[in-house]
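# An overview of the molecular structure
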Amino acid sequence: MAAVESTMMPIGTVAPDFDLLDVISGENKTLEDVRLEYGVVVMFICAHCPYVKNIEEEIAVIARQYSSQKIGFVAISSNDPAAYPDDSPEGLKEQAEEFEFNFPYLFDETQEVAKAYQAVCTPDFFLFDEDLKCIYRGRFDASTPGNPEPVTGDDLVNALEAHLEDEPQIEDQKPSIGCSIKWKN
């Protein structure tokens, strides 16, 4: 499993819009549909990647906790399901049901949304404020498959808490590390 680091979208970048199929509801969702009063977390994940599997249960916990604080959450999978069948809409829906995701899980069939967000790995996290400007991008926490670090979501949680408390974000944001997005040929 070759690890790839996220490219770290510049802070202040406005969130690119999207209109993608939600594999859970079967309806298309846009950025406006998923944002809440204080912003939105956009995460690029998938069903097959061990780096995502390592944290998917805690992702669900944190999303439940912070969506009640008016931060929206959305997951997007941009992987080519022809190469990775687990990442088909059906596979993503199974993952969402297993972990009781309370947020839309979108399928980026053309992979254009991943490119717009400069996402290159799974998982990859972006926090946008109420003006949809990027205030955090990077890792969930220090845990990875095979290292002894506990899965806590601390990096994302610290960013969420700083935002909700109107405190400055930490400057030393760490890139996410994970499987590369599986691009179509």
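Keep in mind the model is a prediction, meaning the values are calculated, not measured.

## Observations regarding the pairing of strand β8 (residues 124–128)
One face of the sheet, then the other: side chains in a regular strand alternate in exactly this way. Counting buried residues along β8, five of its five residues qualify, which places the element largely inside the surrounding structure. Here four bridges tie β8 to strand β9 (residues 134–138), and the two strands are oriented antiparallel to one another. Looking at β9, one finds that Phe128 is bridged to Cys134. Hairpin connection of β8 to β9: five residues between the antiparallel strands, including Leu132 at a positive phi of 60°.

## A short note on the environment of Leu160
Turning to its location among the elements, Leu160 is positioned in helix α5 (residues 154–164). On a C-alpha basis, the gap between Leu160 and Tyr136 in space is 8.7 Å, while along the polypeptide they are 24 residues apart. When near neighbours in sequence (up to four residues on either side) are disregarded, Leu160 contacts Val41, Ile62, Tyr66, Ile71, Phe73 and Leu127.

## Quick look at the packing of aromatic side chains
Taken as a whole and assessed by the stated rule, the structure comprises ten aromatic pairs. Between Tyr117 and Phe126, the ring centres sit 5.8 Å apart and the planes meet at 65°, which makes this aromatic pair edge-to-face. Judged by relative accessible area, which is 0%, Tyr117 ranks as buried. With relative accessibility at 2%, the residue Phe126 sits in the buried group.

## Looking at the pairing of strand β5 (residues 72–77)
Counting buried residues along β5, six of its six residues qualify, which places the element largely inside the surrounding structure. Both faces of β5 are covered, namely the face carrying Gly72, Val74 and Ile76 and the face carrying Phe73, Ala75 and Ser77. In terms of strand pairing, strand β4 (residues 40–44) meets β5 through five bridges, oriented parallel. Bridge pairing in β5 links Val41 to Phe73. Of the crossover connections in this fold, the one passing from β4 over helix α2 (residues 50–67) to the parallel β5 is right-handed. Taken together, the three bridges between β5 and strand β6 (residues 105–107) define a ladder with parallel strand orientation. Bridging from a neighbouring strand, Ala75 pairs with Tyr105 of β6.

## Some thoughts on the sheet that holds strand β10 (residues 177–180)
Each strand in a sheet pairs with its neighbour through backbone hydrogen bonds, running either in the same direction (parallel) or in the opposite one (antiparallel). Spatially, β1-β10-β7 is the arrangement adopted by the three strands of the open sheet, whose pairing is antiparallel. Single-partner strands in this sheet number two, and they are β1 (4–5) and β7 (121–122). Summarising the sheet, β7 and β10 pair through two bridges and their orientation is antiparallel. Looking across to β10, one finds that Cys121 is bridged to Ser180. Contacts from α2 reach β7 and β10, with the element oriented near 130° to β10.

Conventions we followed
- Residues numbered from 1 in each chain as written.
- Predicted model: local features only at pLDDT ≥ 70, side-chain atom pairs only at ≥ 80, totals over all residues.
- Heavy atoms only, no water.
- Buried < 20%, exposed > 50% of the residue type's maximum accessible area, 1.4 Å probe, protein only.
- Helix = DSSP H or I, 4+ residues; strand = E, 2+ residues; numbered from the N terminus.
- Pairing = 2+ DSSP bridges.
- Contact = heavy atoms within 4.5 Å.
- Phe/Tyr/Trp six-rings, centres within 6.5 Å; stacked < 30°, edge-to-face > 60°.
- Right-handed = clockwise from strand over helix to strand, strands pointing away.
- Axes fitted to C-alpha atoms, helices over the stretch in contact; angles between N-to-C directions.

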